[in-house]
Amino acid sequence: MTSVSETQAILLVHGPDRKGIVAAFSQTLFGHGCGIVSSEQHTDVESSVFYQRIVFDAAELHTDRVSLERGIEEVASRLGMTCEVRWPKPKRVAIFVSKYAHCLWELLLRHDAGELPGVEIVQIVSNHEDLRHVAEHFSVPYAVFKVTKDTKRAVEDRELALLKDKQVDLVVLARYMQIITDEFCAAYPHRVINIHHSFLPAFIGSKPYHRAHARGVKLVGATAHYATADLDEGPIIEQDCARISHKNSIDDLLRKGRVLEKNVLVTAVRAHVEDRIIVYESKCVVFGE
């Protein structure tokens, strides 16, 4: 897992590919007293879009953060690029769940084992009481919001107020069996990660394992993506699959799928909190660990 020290920050850049991009940003960082720790870049040849992630050390920064960001923005503007500097700070995470516990347990266990450094799990939200004991085991606050078709928007407003009060940076839908509204997605753009129990774009919607079994597929999968106004069609962060055969029952698919779901979700959350993702149009560029 990549780790960033207290003196290091991350620069994310994307835009039209052209000569001199790497040199321009490197010289700007050097000019402010920063050293590059690592750099990864990619050019999408078909769209001619350049992506770069730079980890730099600001321990000997001889200006200040505002001046550095202004200098970076001037370079980005000149090159027609989009840029963002991510300074080190804990990521405050809220997990939404219903009755399925496997993804919740995985996130909490990995966090407890130190595998999600820089993450603070500050709240668990559910529409059922069933998993309160899991939250209590890890001493995480657990709030229940009963949802009906008629009360959905009002309940979401209460949930959003809670998230704002807890200063939440990222919402993780860990098999939360409710469709969140466009307004919720708009409040956390590219900051709501959902785990879907199929290899999207196949079997969008409910009961994908049952439909996969009915179709006689040879692979089942899981997909972690950013939630958007379009159901199960947000930018994909991570996927994995497992081979199955005609011998496998629906229960077998569910069992294999649970393993995929929890691992794919943790991988996606880790990529997000480590600032390794650039979202461009309908897809994600995910840089390596």
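Structure shown above.
Residues numbered from 1 in each chain as written. Predicted model: local features only at pLDDT ≥ 70, side-chain atom pairs only at ≥ 80, totals over all residues. Heavy atoms only, no water.

S.K.: How would you sum up the overall build of the protein? Please name residues and give values.
M.R.: If you tally the helices and strands in the protein, you get 8 helices and 13 strands. Taken over C-alpha atoms, the radius of gyration comes to 21 Å for the protein, in line with the 19 Å a tight globule of 289 residues would show. The C-alpha extent of the protein, read off along each of the three principal axes, is 60 × 40 × 35 Å. With 289 residues in all, the protein has 48% of them scored as buried. Contacts in the protein between residues far apart in sequence, at least 24 positions, make up 66% of those at least 6 positions apart. When the accessible area of the protein is evaluated, it comes to approximately 14,400 Å², of which 51% is carbon and sulfur surface. Both charge centroids of the protein, one from 35 positive and one from 39 negative side chains, sit 6 Å from each other. (Helix = DSSP H or I, 4+ residues; strand = E, 2+ residues; numbered from the N terminus. Rg over C-alpha atoms; globule rule 2.2 N^0.38 Å. Buried < 20%, exposed > 50% of the residue type's maximum accessible area, 1.4 Å probe, protein only. Contact = heavy atoms within 4.5 Å. Areas by Shrake-Rupley, 256 points an atom, 1.4 Å probe, with all protein chains shown as cover. Lys, Arg positive; Asp, Glu negative; His and termini not counted. Charge placed at Lys NZ, Arg CZ, Asp CG, Glu CD.)

S.K.: Run through helix 1 (residues 21-31), naming residues and quoting values.
M.R.: Along helix 1, the residues classified as buried are Ile 21, Ala 24, Phe 25, Thr 28 and Leu 29. Within helix 1, the buried residues cover an arc of 125 degrees as seen down the axis, which keeps them to one side. For helix 1, the exposed residues set more than 90 degrees away from the buried face come down to Gln 27 and Phe 30. Downstream of helix 1 by one or two residues, Gly 33 has phi in the positive range, about 90 degrees. (Arc of directions from axis to C-beta.)

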